[in-house]
Amino acid sequence: SQQGEEDPQALSIQEGENATMNCSYKTSINNLQWYRQNSGRGLVHLILIRSNEREKHSGRLRVTLDTSKKSSSLLITASRAADTASYFCATGRYGGSQGNLIFGKGTKLSVKP
Amino acid sequence: DGGITQSPKYLFRKEGQNVTLSCEQNLNHDAMYWYRQDPGQGLRLIYYSQIVNDFQKGDIAEGYSVSREKKESFPLTVTSAQKNPTAFYLCASSRLAGSNEQFFGPGTRLTVL
């Protein structure tokens, strides 16, 4: 069962532009997390935003959370070719064991030099 | 160096054979997870374990088995009962208290010949 669904599925931009990815989910959450995956590699945790937070920053990353709309967005500013990767949102399973996450299908970002 | 390791990186198996994928972590995490990722897809949970000698089925456990005899180790066996085992397998670990951020290994790509 999918909890987080990312949008768009693929995004292609030029270096220096901003990239925005969205995530929608279905049930109540404690927190929402964003991960990055380079091709053929494991996932790397980027940022976690708690349900009582609306916005969080980490370097060039900005995450927003709207619990009323059950949605989150990840903004990467001043993108670089090295940002090319797939980005996944993940939420906890409603009523599930702590630590157990559900991942969306991801947004594949391509940043052209 | 703290982290989570998986071996081998690439694995080839003949139909009808069982194969075991290794996952080791030295992060002192209680919880460990196995995911399967197919091309262009998100992660699907196979099994997870929150404590030594205990584990739970995830969304797609059929054809797989695991053990958790040590806190550091969570091997996954892909049995001949798994109808379509060719995929990218990711192992992860996390603490149970506080944030449930997951740390991922580099993955094992299994190909059935």
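Residues numbered from 1 in each chain as written. Chains lettered and ligands numbered in written order. Predicted model: local features only at pLDDT ≥ 70, side-chain atom pairs only at ≥ 80, totals over all residues. Heavy atoms only, no water.

A word on the interface of chain A and chain B. It is common to report an interface's size as the accessible area lost on association of the parts. Across the contact, 21 residues belong to chain A and 25 residues belong to chain B. Summed over both partners, the interface of chain A with chain B buries about 1800 Å², with 43% contributed by carbon and sulfur atoms. Inspection of the region where chain A meets chain B yields zero salt bridges. Put simply, chain A and chain B have two residue pairs in polar contact (both at pLDDT 80 or more) between them. (Contact = heavy atoms within 4.5 Å. Buried area = accessible area lost by both parts, 1.4 Å probe. Salt bridge = Lys/Arg side-chain N within 4 Å of Asp/Glu carboxyl O. Polar contact = N/O pair within 3.5 Å; in protein donor to acceptor, adjacent residues only side chain to side chain.)

Turning our attention to the layout of surface pockets. Taken as a whole, the largest pocket encloses approximately 610 Å³ of empty space. Lining the largest pocket are 28 residues; nearest its centre among them are Gln37 and Ser86 of chain A together with Gln37, Pro39 and Gly40 of chain B. For the lining of the largest pocket, the secondary-structure elements that each account for two or more residues are strand S1 (5-7), strand S9 (85-92) and strand S11 (107-112) of chain A together with strand S9 (87-94) and strand S11 (108-112) of chain B. The element that contributes the greatest number of residues to the lining of the largest pocket is S11 of chain A, accounting for four residues. Considered class by class, the residues forming the lining of the largest pocket number seven nonpolar, 15 polar and six charged. (1 Å grid on protein atoms, 1.4 Å probe; cavity = no way out; pocket = protein on both sides within 12 Å on 5 of 7 lines; lining within 4 Å. Points joined across faces, edges and corners; volume = space filled by probe spheres on them. Helix = DSSP H or I, 4+ residues; strand = E, 2+ residues; numbered from the N terminus. Nonpolar A, V, L, I, M, F, W, Y, C, P; charged D, E, K, R; others polar.)

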